[in-house]
Amino acid sequence: MKSEILQNLNNPEQLEKLYRSNSALFKKEFNALWPEYPEETSLQCWNQRLNYAAEPLTLGTKNELVLIALLGICAALISQIPNLFGVDQDTFFQRNISFVVFPFLSAYFIWKQQVPIFKIMLPLGICLFSVVYINLLPRTSPSDSILLACIHVPLVLWSIWAYTYVGEGLISNTQKRIEFLRLHGDLLVMCAIILLSGGLFTAISLGLFEIIGLDIKEFYGKYVIVSGLSATPILGNYLIQKNPALVKNVSPIIAKIFTPVVFVFLLIYLIAMVYTGKNPYTNREFLFIFNGLLLGVMALILFSVAETEKNENPRYQNGLLLGLSALTIVVNGIALSAISFRIIEWGITPNRIAVLGSNLLIFIHLLLVANSLRKTSQGKSDFTLVTKSIAQYLPIYSIWAAIVCFIFPLIFQFK
């Protein structure tokens, strides 16, 4: 093997064949040969390939760990307000769940990217206004417009998080927006790992205390579990930022697996819906679930597109996403016609207008994405067009969320 390597120093193809024929022997003989020929360029490349030492996992510096600990403690304390001050838990979390996580994720990126003070004023002002506004809304019951505001305020806070992540070039930085979407997939995987580990720790802890005759389930559930859940996204985000390679290969695999699965499921579901005669036109609960399905599939398409861009040969995934987009357009068309029918038949309500607006925005976005996927499939454009169609439309959702959150309750007089 050593002589074969020496004979083929200037023959990259043959060196590759030698390596693939017996990688263990190749590495052994190469490492013995390398000190004798350290100036040989081809061997320098092979040395890096065979003996490259990846950066070890790191928890960061002391200052970073202190920051994350403080952010996690603050999130935990906010989640404990109902227990500490006797506030109704359901009402508190309905209005304030987004303030437990998003402001601290935003604070981390403000600190990490050293955002100037004058640029912090906008996200800080929106965050403070949102928390005061949502908690000052009348507590009349039932109130569809106020419930809609509570549902959409997380998207407003999510937009602030996006603003702090993208930083400079918020309007034009398409690549940063796509990276932000990828972060969601990585964060979801990391949080799942942390929660699984936390669940195992919880089971062991409760079992150990039960053995010695102490029942800590109520205390543990109120304080430890709720606080841990609040701090999990902050910890997960930090671990991803410090160790990007930790889960970077998991998210693309999940996208590749679930995209064809969801495509087949959606196709079967539409056929089954026609066969059973069920429809969302007269059944309010069915329309609600139907829109939930639409939102889930749309989120998968956005995430899959963000991951597909990294593939060297995304043709198969591109075609699959085009098919899934087409099916989702059909689903969206049905949902749009159903909510339009309900408005014509039974009149305008905050819920119907909110659903109509959301479906219309998603429908337009799907058309843009599907058209760019079609052009890419036909070779008329590269995949950059698809990512632009995804990224450039995202602020529209933020604007709509702000309208529903801050204007709908006033227009509909808190009803």
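Structure: above.
Residues numbered from 1 in each chain as written. Predicted model: local features only at pLDDT ≥ 70, side-chain atom pairs only at ≥ 80, totals over all residues. Heavy atoms only, no water.

Draft legend 1. Representation of the overall build of the protein in the model. A tally of regular secondary structure across the protein gives 18 helices and zero strands. Principal-axis analysis of the C-alpha atoms gives the protein an extent of 85 × 60 × 50 Å. Counting only residues that meet the buried cut, the protein has 43% of its 415 residues in that class. Sequence-distant contacts, at least 24 apart, represent 76% of the contacts inside the protein between residues at least 6 apart. A total of about 22,700 Å² of accessible surface is found on the protein, and carbon and sulfur atoms cover 67% of it. Distance from the positive charge centre (30 side chains) to the negative charge centre (24 side chains) of the protein: 8 Å. (Helix = DSSP H or I, 4+ residues; strand = E, 2+ residues; numbered from the N terminus. Buried < 20%, exposed > 50% of the residue type's maximum accessible area, 1.4 Å probe, protein only. Contact = heavy atoms within 4.5 Å. Areas by Shrake-Rupley, 256 points an atom, 1.4 Å probe, with all protein chains shown as cover. Lys, Arg positive; Asp, Glu negative; His and termini not counted. Charge placed at Lys NZ, Arg CZ, Asp CG, Glu CD.)

Draft legend 2. Focus on the layout of surface pockets. By volume, the largest pocket amounts to about 1,900 Å³. Residue assignment for the lining of the largest pocket shows that the elements contributing at least two residues are α9 (144-166), α10 (174-211), α12 (250-276), α13 (284-308), α14 (315-346), α15 (350-377) and α17 (394-406). Sorting elements by how many residues they give to the lining of the largest pocket places α13 first, with 13 residues. Residue composition of the lining of the largest pocket, grouped by class: 34 nonpolar, eleven polar and five charged. (1 Å grid on protein atoms, 1.4 Å probe; cavity = no way out; pocket = protein on both sides within 12 Å on 5 of 7 lines; lining within 4 Å. Points joined across faces, edges and corners; volume = space filled by probe spheres on them. Nonpolar A, V, L, I, M, F, W, Y, C, P; charged D, E, K, R; others polar.)

Draft legend 3. Main features of the packing of α10 against helix α11 (residues 217-242). One can describe the packing of α10 onto α11 by two numbers: an axis separation of 9 Å at closest approach and a directional angle of 145 degrees. Relative to α11, α10 is oriented so that their crossing is right-handed. Here L183, D186, L187, M190, C191, I194, L195, F201, T202, S205 and L206 of α10 come into contact with α11, specifically with K217, Y220, I225, L229, T232, P233, L235, G236, N237, L239, I240 and Q241. (Axes fitted to C-alpha atoms, helices over the stretch in contact; angles between N-to-C directions. Left-handed = near helix turned anticlockwise from the far one by under 90°.)

Draft legend 4. Local environment of the pattern of salt bridges. All told, the structure shown has five salt bridges when counted by the stated rule. When the shortest N-O distance is used, the salt bridge between K17 and E13 registers 3.8 Å. With a gap of four residues between them, K17 and E13 both fall in helix α2 (residues 12-21), about one helical turn apart. E64 is paired through a salt bridge with K242; the nearest N and O atoms lie 3.1 Å apart. Of this pair, E64 sits in helix α5 (residues 62-79) while K242 sits in helix α11, and the two are 178 residues apart along the sequence. Since its relative accessible area comes to 12%, E64 is described here as buried. Owing to a relative accessible area of 26%, K242 belongs among the partly exposed residues under this scheme. Here the salt bridges share partners, and the residues they tie into one network are E16, R20 and R49. (Salt bridge = Lys/Arg side-chain N within 4 Å of Asp/Glu carboxyl O.)

Draft legend 5. Representation of a nonpolar patch on the surface in the model. A contiguous nonpolar patch, built from L200, I204, L208, F209, I211, I212 and L214 and spanning about 740 Å² of accessible area, is present on the exposed surface. Mapped onto the elements of the fold, I211 is located in helix α10. (Patch = residues over 30% accessible without salt bridge, like charges linked within 9 Å, V, L, I, M, F, W, Y side chains within 5 Å.)

Draft legend 6. Highlighting the packing of α10 against α12. In contact at an axis separation of 9 Å, α10 and α12 are set at 100 degrees when each is read in the N-to-C sense. For the element pair α10 / α12, the angle class is roughly perpendicular. In this structure, α10 uses G185, D186 and V189 to contact α12, whose residues at the interface are V250, S251 and I254. (Parallel < 35°, antiparallel > 145°, perpendicular 65-115°, else oblique.)

Draft legend 7. Quick look at the side chain of S143. With respect to the helices and strands, the residue S143 is situated in the loop between α8 (117-136) and α9. Among the polar contacts made by the side chain of S143, one reaches the main-chain amide nitrogen of I146 at a distance of 3.4 Å. Once residues lying within four places of it in the same chain are set aside, the contact partners of S143 are F414 and K415. (Polar contact = N/O pair within 3.5 Å; in protein donor to acceptor, adjacent residues only side chain to side chain.)

Draft legend 8. Just the nonpolar core, in detail. Of all hydrophobic cores here, the largest spans 43 residues; its most connected members are I134, W161 and C405. Breaking this core down by element, the ones donating at least two residues are α5, α7 (89-112), α8, α9, α10, α11 and α17. Not counting chain neighbours up to four residues away, the residues in contact with W161 comprise F102, L105, S106, F109, F180, L183, H184 and L187. Of all hydrophobic cores here, the second largest spans 42 residues; its members include I178, A335, L366 and V404. (Core = buried A, V, L, I, M, F, W, Y, C linked by side-chain atoms within 4.5 Å.)

Draft legend 9. Here's a closer look at the packing of aromatic side chains. Per the counting criterion, the structure on display carries 23 aromatic pairs. A connected cluster of aromatic rings, assembled from ring pairs, spans F102, Y108, F109, W111, W158, W161, Y165, F180 and Y238. For the cation-ring pair, R49 lies above Y19, with the distance from its terminal atom to the ring centre recorded as 4.7 Å. The side chain of K176 reaches across the aromatic face of Y165, ending 4.6 Å from its centre. (Phe/Tyr/Trp six-rings, centres within 6.5 Å; stacked < 30°, edge-to-face > 60°. Lys NZ or Arg CZ within 6 Å of the ring centre and 35° of its normal.)

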